[in-house]
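# Fold and contact review
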Amino acid sequence: MGIIKDLKSKLIVSCQPVVGGALDNENSILNIAKAAVDGGAAGLRINDKKNVYNIKKRLKVPIIGIKKRELKGSNIIITPLEEDVIGLAESGSDIIAFDATNRNRPIEISTLIDLIHKKNCLAMADCSNLDEAVNASILGADIVASTLSGYISKKVPKFPDYRMISKLYNSKIKTPIIAEGRINTPDQAKKAINKGAHAVVVGTAINRIEIITSWFVNGVQRSG
């Protein structure tokens, strides 16, 4: 588990621009990844096999690969299919993340984990609550993450789910926990580590310029 050990108390940057935005292209995503590594990121979370391949050729940091897609009859978006796992593994992913929520899904969690391991990658379970994380750990996930906490409910919370991170850390499972979701400041990242996270993933607050700009625009307008 050398990769997991190397990520201990480190920052992973999710390089996923706003879909359809000015930075949503291969060259921009590569440059975002380069800038993140230059700034000290110890790992990257990358969507789509073509971007994984493009970045892995040039940067020597662990990559969490995912494939986002919309399926009929299922709300599972993150790496739902076996073909997604195969494509990400063959493109150079070190870790493959997938939706491990308890929802209607095309492929069972255990099947995805087994395939990820057969492709010599680590399996990262994106979960929305403690029970899902425990289940994924029992099924063999190498990492559990709070990625989907708050995102399968009607109203998305404002702050990271520190409670989930803390409960996982204090639970019987020993699977490393990665904190992800609504971590928008260095202090929030530090707090997640202090609550028991093995590492932290940050995306929006680093590279989604449209959203970051809107935060400041709204702040300026309120000040008037």
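Residues numbered from 1 in each chain as written. Predicted model: local features only at pLDDT ≥ 70, side-chain atom pairs only at ≥ 80, totals over all residues. Heavy atoms only, no water.

All chains considered together, the criterion is met by 9 salt bridges. The salt bridge partner of D126 is R45, with a shortest N-O separation of 2.7 Å. You can see D126 sitting in strand 5 (residues 122-126) and its partner R45 sitting in strand 2 (residues 43-47), a full 81 residues away along the chain. Overall, the relative accessible area of 0% leaves D126 in the buried class. With its nearest N and O atoms 2.7 Å apart, the salt bridge here joins K56 to D94. (Salt bridge = Lys/Arg side-chain N within 4 Å of Asp/Glu carboxyl O. Helix = DSSP H or I, 4+ residues; strand = E, 2+ residues; numbered from the N terminus. Buried < 20%, exposed > 50% of the residue type's maximum accessible area, 1.4 Å probe, protein only.)

One ladder, built from 3 bridges, connects strand 1 (residues 11-14) with strand 8 (residues 199-202); its direction is parallel. Bridged to I12 within strand 8 is V201. Of the strand pairs in this sheet, strand 1 and strand 2 are connected by 3 bridges, and their pairing is parallel. Residue pairing in the sheet places I12 in a bridge with G43 of strand 2. On the question of chirality, the crossover connecting strand 1 to the parallel strand 2 by way of helix 2 (residues 26-38) is right-handed. (Pairing = 2+ DSSP bridges. Right-handed = clockwise from strand over helix to strand, strands pointing away.)

This brings us to the state of the cysteines. All told, the structure shown has 0 disulfides when counted by the stated rule. Here C15 is not disulfide-linked; the sulfur of C121 is the nearest cysteine sulfur, at 18 Å. In this model C127 remains outside any disulfide bridge; the closest cysteine sulfur is found in C121, 18 Å from its own. For C127, a relative accessible area of 0% corresponds to the buried category. (Disulfide = S-S within 2.5 Å.)

Turning our attention to helix 4 (residues 82-90). Among the residues making up helix 4, those that are buried are D84, V85, G87, L88 and A89. In this structure, the buried side of helix 4 is in contact with helix 3 (49-56), strand 3 (63-66), strand 4 (95-99) and helix 5 (109-118). Positioned one or two residues after helix 4, G92 has a phi angle of 115 degrees, which is positive. (Contact = heavy atoms within 4.5 Å.)

The subject of this paragraph is the sheet that holds strand 4. Read around the barrel, 8 strands follow the order 1-2-3-4-5-6-7-8 and close on themselves; strand pairing throughout is parallel. Averaged over all pairs of adjacent strands, the angle between strand axes in this sheet comes to 25 degrees, irrespective of strand direction. Bridge count between strand 2 and strand 3: 4 bridges; the pairing is parallel. Opposite R45, over in strand 3, you have I64 as the bridge partner. Packing of helix 5 onto the sheet brings it into contact with strand 4 and strand 5, and relative to strand 4 it is tilted by some 170 degrees. (Axes fitted to C-alpha atoms, helices over the stretch in contact; angles between N-to-C directions.)

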